[in-house]
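Working through the structure, step by step
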Amino acid sequence: MIEEPSHPIEGQVVLLAGAKASVSLARLSDLLADVQEHLVGRVEEYDRRFERIDTDRDGVYFLAEEGRWETVGEAVGLTERETEAVARTHAEQFKRDGRRMDRREEFETSLEIRDVLAVNPVE
């Protein structure tokens, strides 16, 4: 039986982002799961504070102020390198979904001024 990932990032995106990161793929997957647990616990707060983008697949994005990843990384206990790897992975997934939704330019422009947080759907 194949176990569902505990984060909203597709496997191919993890592989591509992991190749650019100085964090092992196994470690990156664990970090994504840890961060997801943190993010899911803040969905209500994020809904009030940040723009929310629903996608055609399961999951949502929150467009937060620049620097949000540093705050998340500190809260979860990540190093700067680990935080950058996780942020890059979330951004790559966001760009991929932007292409799928025919909103590539809009999504890429958003990344120039905001941090994007991908969150699993919450019941």
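These lines cover the structure that appears in this document, whether it is placed above or below. Given the structure is predicted, the values throughout are model-derived calculations rather than measurements. (Residues numbered from 1 in each chain as written. Predicted model: local features only at pLDDT ≥ 70, side-chain atom pairs only at ≥ 80, totals over all residues. Heavy atoms only, no water.)

**Looking at the nonpolar core**
- Counting 33 residues, the largest nonpolar core has Leu 39, Phe 62, Trp 69 and Val 86 as the members making the most contacts within it.
- Leave out the neighbours within four places in its chain, and Val 86 touches Leu 28, Leu 31, Leu 32, Val 35, Trp 69 and Leu 78. (Core = buried A, V, L, I, M, F, W, Y, C linked by side-chain atoms within 4.5 Å. Buried < 20%, exposed > 50% of the residue type's maximum accessible area, 1.4 Å probe, protein only. Contact = heavy atoms within 4.5 Å.)

**Re the pairing of strand 2 (residues 60–65)**
- Extensive coverage of strand 2 is indicated by the burial of 5 of its 6 residues.
- By the bridge criterion, 4 bridges tie strand 1 (residues 51–54) to strand 2 in an arrangement that is antiparallel. Counted as the bridge partner of Asp 54 is Val 60 from strand 2.
- Hairpin remark: strand 1 followed by strand 2, antiparallel, with 5 residues in the connecting loop; positive phi at Gly 59, about 115°.
- Relative to strand 3 (residues 114–119), strand 2 runs antiparallel, the two sharing 6 bridges. Along strand 3, the bridge assignment pairs Phe 62 with Leu 117. (Helix = DSSP H or I, 4+ residues; strand = E, 2+ residues; numbered from the N terminus. Pairing = 2+ DSSP bridges.)

**A word on the environment of His 38**
- Following the sequence through the fold, His 38 ends up in helix 2 (residues 25–40).
- Along the sequence, His 38 and Gly 73 sit 35 residues apart, while their C-alpha atoms lie 9.9 Å from each other.
- Not counting residues up to four positions away in its chain, the partners in contact with His 38 are Tyr 46, Val 72, Ala 75 and Val 76.

**Observations concerning helix 4 (residues 68–76)**
- Restricting attention to buried positions, one finds in helix 4 the residues Arg 68, Trp 69, Val 72 and Gly 73. Buried residues along helix 4 cover an arc of 135° about the axis, so they all sit on one side. What points out from helix 4, more than 90 degrees from its buried face, is the exposed set Glu 74 and Ala 75.
- Contact partners of the buried residues in helix 4: helix 2, helix 3 (43–49), strand 2, helix 5 (80–100) and strand 3.
- Immediately beyond the C-terminal end of helix 4, within one or two residues, lies Gly 77, with a positive phi of roughly 85°. (Arc of directions from axis to C-beta.)

**Some words on the environment of Thr 89**
- Considering the arrangement of structural elements, one finds Thr 89 in helix 5.
- Considering only alpha carbons, one finds Thr 89 and Asp 47, 42 residues apart in sequence, at a separation of 22 Å.
- If we ignore the near neighbours within four places in the chain, the residues touching Thr 89 are Ile 9, Val 13, Val 14, Ala 17, Leu 28 and Leu 32.

**Quick word on the environment of Asp 115**
- Among the secondary structure elements, Asp 115 is positioned in strand 3.
- Distance in space between the C-alpha atoms of Asp 115 and Val 13 is 17 Å, their sequence separation being 102 residues.
- Sequence-distant contacts of Asp 115, that is, excluding residues within four places in its chain, are made with Phe 62, Leu 63, Ala 64, Glu 65, Glu 66, Gly 67, Arg 68, Trp 69 and Glu 70.
- Of the polar contacts made by the side chain of Asp 115, one reaches the backbone nitrogen of Arg 68; its length is 3.0 Å. (Polar contact = N/O pair within 3.5 Å; in protein donor to acceptor, adjacent residues only side chain to side chain.)

**Side note on the packing of aromatic side chains**
- Within the structure shown, the criterion is met by 4 aromatic pairs.
- Ring centres of Phe 94 and Phe 107 lie 4.2 Å apart, and the angle between their planes is 10°; this geometry places the pair in the stacked category. Residue Phe 94 is located in helix 5, and its partner Phe 107 is located in helix 6 (residues 104–113); the two are separated by 13 residues in the primary sequence.
- Overall, the relative accessible area of 0% leaves Phe 94 in the buried class.
- Here Phe 107 falls in the buried class, since its relative accessible area comes to 0%.
- One aromatic cluster is present, formed by Tyr 46, Phe 50 and Phe 62 through successive ring pairs. (Phe/Tyr/Trp six-rings, centres within 6.5 Å; stacked < 30°, edge-to-face > 60°.)

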